[in-house]
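# Understanding the architecture of this molecule
What follows is the residue order along each chain.
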Protein chains: 2
Amino acid sequence: MASSTEGNRRPVRLADIARAAGVSHGTASNVFSRPEIVREEVRERVKAAAEAMGYAGPDPKGRLLRAGKVNAIGVATTEPLSYFFDDPFARTMMAGISEACDATGAGIALVSAGNEEKLAWNIQSALVDGFILFCIEGGSRLVELTRERKLPFVALELGFDDDTVSAIGVDNVAGARLAAHHLAELGHRRFAVLALPFADDSTGLVSPERIRTAVYTGTRDRLVGYFEALSRFGVDTTKVPVYETENDEASTKAGLETIFAAAESPTAILAMSDRMAMIAIEWLAARGMAVPDDVSIVGFDGVPDAALCDPPLTTVAQPIAEIGRRAARTILDFDGTVRRETLGVELVVRASSGPPPETA
Amino acid sequence: MASSTEGNRRPVRLADIARAAGVSHGTASNVFSRPEIVREEVRERVKAAAEAMGYAGPDPKGRLLRAGKVNAIGVATTEPLSYFFDDPFARTMMAGISEACDATGAGIALVSAGNEEKLAWNIQSALVDGFILFCIEGGSRLVELTRERKLPFVALELGFDDDTVSAIGVDNVAGARLAAHHLAELGHRRFAVLALPFADDSTGLVSPERIRTAVYTGTRDRLVGYFEALSRFGVDTTKVPVYETENDEASTKAGLETIFAAAESPTAILAMSDRMAMIAIEWLAARGMAVPDDVSIVGFDGVPDAALCDPPLTTVAQPIAEIGRRAARTILDFDGTVRRETLGVELVVRASSGPPPETA
DNA sequence: GTCTATTTTTGAATCGATCCAAGTTCAGCG
DNA sequence: CGCTGAACTTGGATCGATTCAAAAATAGAC
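These numbers were taken from a predicted model, which means no experiment stands behind them.

The rules behind each value
Residues numbered from 1 in each chain as written. Chains lettered and ligands numbered in written order. Predicted model: local features only at pLDDT ≥ 70, side-chain atom pairs only at ≥ 80, totals over all residues. Heavy atoms only, no water. Helix = DSSP H or I, 4+ residues; strand = E, 2+ residues; numbered from the N terminus. Buried < 20%, exposed > 50% of the residue type's maximum accessible area, 1.4 Å probe, protein only. Contact = heavy atoms within 4.5 Å. Areas by Shrake-Rupley, 256 points an atom, 1.4 Å probe, with all protein chains shown as cover. Lys, Arg positive; Asp, Glu negative; His and termini not counted. Charge placed at Lys NZ, Arg CZ, Asp CG, Glu CD. Pairing = 2+ DSSP bridges. Axes fitted to C-alpha atoms, helices over the stretch in contact; angles between N-to-C directions. Near = heavy atom within 4 Å. Polar contact = N/O pair within 3.5 Å; in protein donor to acceptor, adjacent residues only side chain to side chain. Least-squares fit on C-alpha atoms with pLDDT ≥ 70 in both. Salt bridge = Lys/Arg side-chain N within 4 Å of Asp/Glu carboxyl O. Buried area = accessible area lost by both parts, 1.4 Å probe. Domains from an automatic or database assignment. Phe/Tyr/Trp six-rings, centres within 6.5 Å; stacked < 30°, edge-to-face > 60°.

## A look at the overall build of chain A
When its secondary structure is counted, chain A shows 16 helices and 13 strands. Considering only C-alpha atoms, chain A reaches an extent of 95 × 45 × 35 Å along its principal axes. Evaluated residue by residue, chain A yields a buried proportion of 52% over its 360 residues. Of the contacts formed within chain A by residues at least 6 apart in sequence, a portion of 69% connects residues at least 24 apart. Split by element, the accessible area of chain A, about 16300 Å² in all, is 50% carbon and sulfur. With 37 positive and 50 negative side-chain charges, chain A shows a separation of 9 Å between the mean positions of the two kinds.

## Describing the sheet that holds strand 2 (residues 107–111) of chain B
Sheet strands line up and pair through hydrogen bonds in the backbone, either parallel or antiparallel. Spatial ordering of the open sheet is given by 12(A)-5(A)-4(A)-3(A)-1(A)-2(A)-2(B)-1(B)-3(B)-4(B)-5(B)-12(B), a layout of twelve strands whose pairing is mixed. Of all the strands in the sheet, just strand 12 (340–343) of chain A together with strand 12 (340–343) of chain B have a single pairing partner and so form its edges. The sheet shows a mean angle of 20 degrees between the axes of neighbouring strands, direction not considered. Bridge count for strand 3 (residues 131–134) of chain B against strand 4 (residues 153–156) of chain B is four bridges, and the pairing is parallel. What sits directly across from B:Leu133, in strand 4 of chain B, is B:Ala155. The sheet contacts of helix 7 (residues 88–104) of chain A involve strand 1 (72–77), strand 2 (107–111), strand 3 (131–134) and strand 4 (153–156) of chain A, and relative to strand 2 of chain A the element is tilted by about 145 degrees.

## So, the protein's contact with DNA strand C
Near DNA strand C lie 23 residues; those nearest to it are A:Leu14, A:Ser29, A:Asp59, A:Arg66 and B:Val42. Each atom of DNA strand C within 4 Å of the protein was classed as base or backbone; sugar and phosphate made up 67%. Taking A:Arg66, its side chain carries an N or O atom lying 2.7 Å from a base oxygen of DNA strand C. B:Ser24 has a polar backbone atom sitting 3.1 Å from a phosphate oxygen of DNA strand C. The set of elements that each furnish at least two residues to the surface near DNA strand C consists of helix 3 (25–33) and helix 5 (60–67) of chain A together with helix 3 (25–33) and helix 5 (60–67) of chain B.

## Quick notes on the relation of the copies chain A and chain B
Take chain A, turn it by 180 degrees, move it 0.1 Å along the axis, and it overlays chain B with an RMSD of 0.1 Å. Here the two chains are linked by the operation of a two-fold rotation axis. Nearest to the rotation axis, the C-alpha of A:Ala109 is located 2.1 Å from it, this being the minimum over chain A. Mapped onto chain B, 100% of the interface residues of chain A again fall at the interface, so both copies present the same surface.

## Overview of the sheet that holds strand 10 (residues 296–301) of chain B
Residue and element names in this part refer to chain B. Taken together, seven strands build an open sheet; the order of strands is 7-8-6-9-10-11-13 and the sheet is mixed. If you trace the sheet from one side to the other, it starts and ends with strand 7 (204–205) and strand 13 (346–348), each paired once. Pairing between strand 10 and strand 11 (residues 314–317): four bridges, direction parallel. Bridged to Phe 300 within strand 11 is Val 316. Against the sheet, helix 10 (residues 172–185) engages strand 6 (191–195), strand 9 (268–271), strand 10, strand 11 and strand 13, with an angle of about 165 degrees to strand 10.

## Quick notes on the pattern of salt bridges
Applying the stated criterion across every chain yields a total of 46 salt bridges over all chains. The residue A:Glu341 makes a salt bridge to A:Arg326 at a minimum N-O spacing of 2.5 Å. Placement of A:Glu341 in strand 12 and of A:Arg326 in helix 16 (residues 320–332) is noted, with a sequence separation of 15 residues between them. One salt bridge connects B:Arg212 with B:Glu209, and the closest N-O pair in it is separated by 2.8 Å. One end of the pair, B:Arg212, and the other, B:Glu209, are both in helix 11 (residues 208–212), three residues apart, so they sit about a helical turn from each other. Classification of B:Arg212 by relative accessible area gives exposed; the value is 59%. In this structure B:Glu209 comes out as partly exposed when scored by relative accessible area, which is 44%. In the salt-bridge network here, residues are joined through shared partners; they are A:Glu99, A:Glu322, A:Arg325, A:Arg326 and A:Glu341.

## Let's talk about the protein's contact with DNA strand D
Among the 22 residues in the neighbourhood of DNA strand D, the closest are listed as A:Val42, B:Leu14, B:Ser29, B:Tyr55 and B:Asp59. Of all DNA strand D atoms lying within 4 Å of any protein atom, the proportion belonging to sugar or phosphate reaches 61%. One of the side-chain N or O atoms of A:Arg66 is found 3.2 Å from a base oxygen in DNA strand D. Elements with a minimum of two residues in the surface near DNA strand D: helix 3 and helix 5 of chain A together with helix 3 and helix 5 of chain B.

## Looking at the interface of chain A and chain B
Reports often express the size of an interface as the amount of accessible area lost when the parts come together. The interface is formed by 41 residues belonging to chain A together with 41 residues belonging to chain B. Across the interface of chain A and chain B, roughly 3300 Å² is buried in total on both sides, 62% from carbon and sulfur atoms. Considering only the surface of chain A that becomes buried against chain B, A:Lys61, A:Phe85 and A:Leu127 emerge as the three largest contributors, covering 20% of it. One can count eight residue pairs in polar contact (both at pLDDT 80 or more) joining chain A with chain B. Of all the secondary-structure elements, those providing two or more residues to the side of chain A that touches chain B are helix 5, helix 6 (83–86), helix 7, strand 2, helix 8 (116–125) and helix 9 (139–149) of chain A. Per-element tally for the side of chain A that touches chain B: the top contributor is helix 7 of chain A, with seven residues.

## Some remarks on unusual backbone geometry
Phi is mostly negative for residues that are not glycine, and the peptide bonds are mostly trans. Cis geometry is adopted by the peptide bond preceding B:Pro292, which originates at B:Val291 and carries an omega value of 5 degrees. With respect to the helices and strands, B:Pro292 occurs in the loop between helix 14 (274–286) and strand 10. Across the junction of B:Asp310 and B:Pro311, the peptide omega takes the value 0 degrees, indicating a cis bond. Relative to the helices and strands, B:Pro311 resides in the loop between helix 15 (305–308) and strand 11. The phi angle at A:Glu157 is positive, at roughly 55 degrees, despite the residue not being glycine. Within the secondary structure layout, A:Glu157 lies in the loop between strand 4 and strand 5 (166–170). Residue A:Glu157 is classed as partly exposed on the basis of its relative accessible area, which comes to 26%.

## Details of the domain arrangement of chain A
Each assigned domain of chain A is listed here: domain 1 (1–46), domain 2 (69–169) and domain 3 (170–318 + 343–348). For domain 1 of chain A and domain 3 of chain A, the distance between their C-alpha centroids amounts to 65 Å.

## Things to note about the pairing of strand 2 of chain A
All names here are of chain A. Along strand 2, five of the five residues are buried, which leaves the element largely enclosed by surrounding structure. Across the two faces of strand 2 the burial is the same, with Gly 107, Ala 109 and Val 111 and Ile 108 and Leu 110 all buried. Of the pairings in the sheet, the one linking strand 1 to strand 2 comprises five bridges and is parallel in character. Paired with Gly 74 across the strands is Ala 109, a residue of strand 2.

## Considerations on the packing of aromatic side chains
Two aromatic rings are characterised by how far apart their centres lie and by the angle between their planes. Residues and elements named next belong to chain B. Under the definition given, this model contains eleven aromatic pairs over all chains. Judged by centre distance (5.6 Å) and plane angle (35 degrees), the ring pair of Phe 260 and Trp 283 falls under tilted. Within this pair, whereas Phe 260 is found in helix 13 (residues 249–261), its partner Trp 283 is found in helix 14, the two being separated by 23 residues in sequence. The pair Phe 260 / Trp 283 is uniform in exposure class, with both members buried.

## A closer look at the side chain of A:Ser352
All names here are of chain A. Along the chain, the position of Ser 352 falls in the segment after strand 13 (346–348). Looking at Ser 352, the relative accessible area reads 0%, which means it is buried. Engagement of the side chain of Ser 352 in a polar contact is seen with the backbone oxygen of Ile 297, the distance being 2.6 Å.

See below:
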């Protein structure tokens, strides 16, 4: 029966019920958005008409255009969407962002895309009031794309220098110094570094030249911090192998192969991410090397998983959730200025680091 | 210099550059959305004008209104936003949803809210093409609110019977049967059940009356499954303590206190969630009871963490990511029909279950 | 130089609401 | 009975784009 009237889809809009109720669309609008200013009798009539016609309530699309504000912040990355739920670092960050959004009632829109073209489109068409950018990879492209939108945005883990963008990060030099100092103080003198990318194009042992011309300043800063602390203990840093990975399993393992194939294998590994550190622990275990008895490892990031692995990882902990919280607030309370924050890090000593083996 | 012209914020719109370039809005619009149909000379002129005036590109707000489609799906829950990133079950589900969204290029909007009123508003005003509802708690309210929007939606973990809503779930009875059968077959005869809520108002040992009048049919179904399998082994299910919790630490621990305070303590625990099962393992360890030597435990859900805890948890695994994927597809390929899917579950035997102690 | 076919461009209509200045209604008062 | 002010309503303008039928410009043929 009903279907005979319905037939095809007919989106009922405010104007329809206004007409049905015999009032202007202005009044009909008020019934929904400011009911108190409409006389009760009229209000009831309009509501009844809405009910009868199956009106779904003011369509946010229309409201949005008028109001201008979406009340949601976009979080973008070049990784696939599942990155936000799979990666421990991202998850912790998102928890911080969530907290700030919950507090103000803002929503979160996740933006990502497989290929470059889709990413551009998704960023251009995302319905948000601002962006938080996860710049883990392809950060400069992401920043470039987002800048076009002319909306407030803040970069996280920004890998390169650009004073015109708001960014929140940590003191990489100080953090790295902490990690290297800790190991050197324990007595280690033979080190190897598992590095994040210095630029986009390759992996492998890095030359001083590559370090000098690094695109990703975060990577360079961490290395500088490591070397600063090591030099202070008399370590010849030119002899320390630095293997550049892509922070994934394959390249990290390749790095470990290379490092331990050398004549003098290290007693301590400085990993620029917990991810690599944990892969290293696993790799060493598989080769029968004990952590920390044979080799000590210190990570970087302080993801929750690092406390749970075996042995629990000594690492340089970033205040990840706090970074997320501040990033969200930067967008939520945007005031038109470029905001740059550098937060402190903390060395969390757990069981993956200890004195070097006696025989060494 | 520049600032003297800019002064205050002036949102440049398409009409502005059209005027500046001396073309109609129609043509200006085409330059951006279908550049191939406008003559090169004109296209360049318009683009130059856009560049000169600092135009950010067609505003999605305007486009949206015209196009009608947002190209994003909303995921809603009554929990705070961080639930999506903290809870292992939710995370796995979101990974599945992400996958389906990535495949079609759709975005994800997270919707949630502290209080009831905000939730209603957030659902009413979310810019999405459809909803996926996490009905873990307050599911009926969530469904009610969402129905108002008259958008496609699908419920997950729907706790109650309602044939008018699309939902994706698992065969709770069969899953529970698997769990109980496994334990009974190992020789256990003294059981206790850690149950999810039967209704919203209380926790504690449940009466047959409460089971019969259960609001949450999922809970009831799992219990039915447990009891069916146990009966087949001659266990008097009326003697099996069933403790209703809120699936959190406090109430689960209270349940364990109660259960183990009884004269005949159980040798096996059937937990309706991995969460409770893992809390139980911890609680038992703290009391010096060994799992599975003194007490066996079987969980329900199959979250990734269950494989990592100590001892690894035997559990009834739901195809969580697959549920997420199907939910997303239900919205993405919405055809106007009510879709109900019930997926199978699988018993994953790990180290938390074994034969009962000899002395028992 | 005219006519037809094709390529471009135009401008009004539309999407679905909210806002607001101006107009209407009505009770109370002198 | 007219006047005043408060309480409601109205209808046009606006938000920022896209669409499409019709008009205009251009090209090609004869």
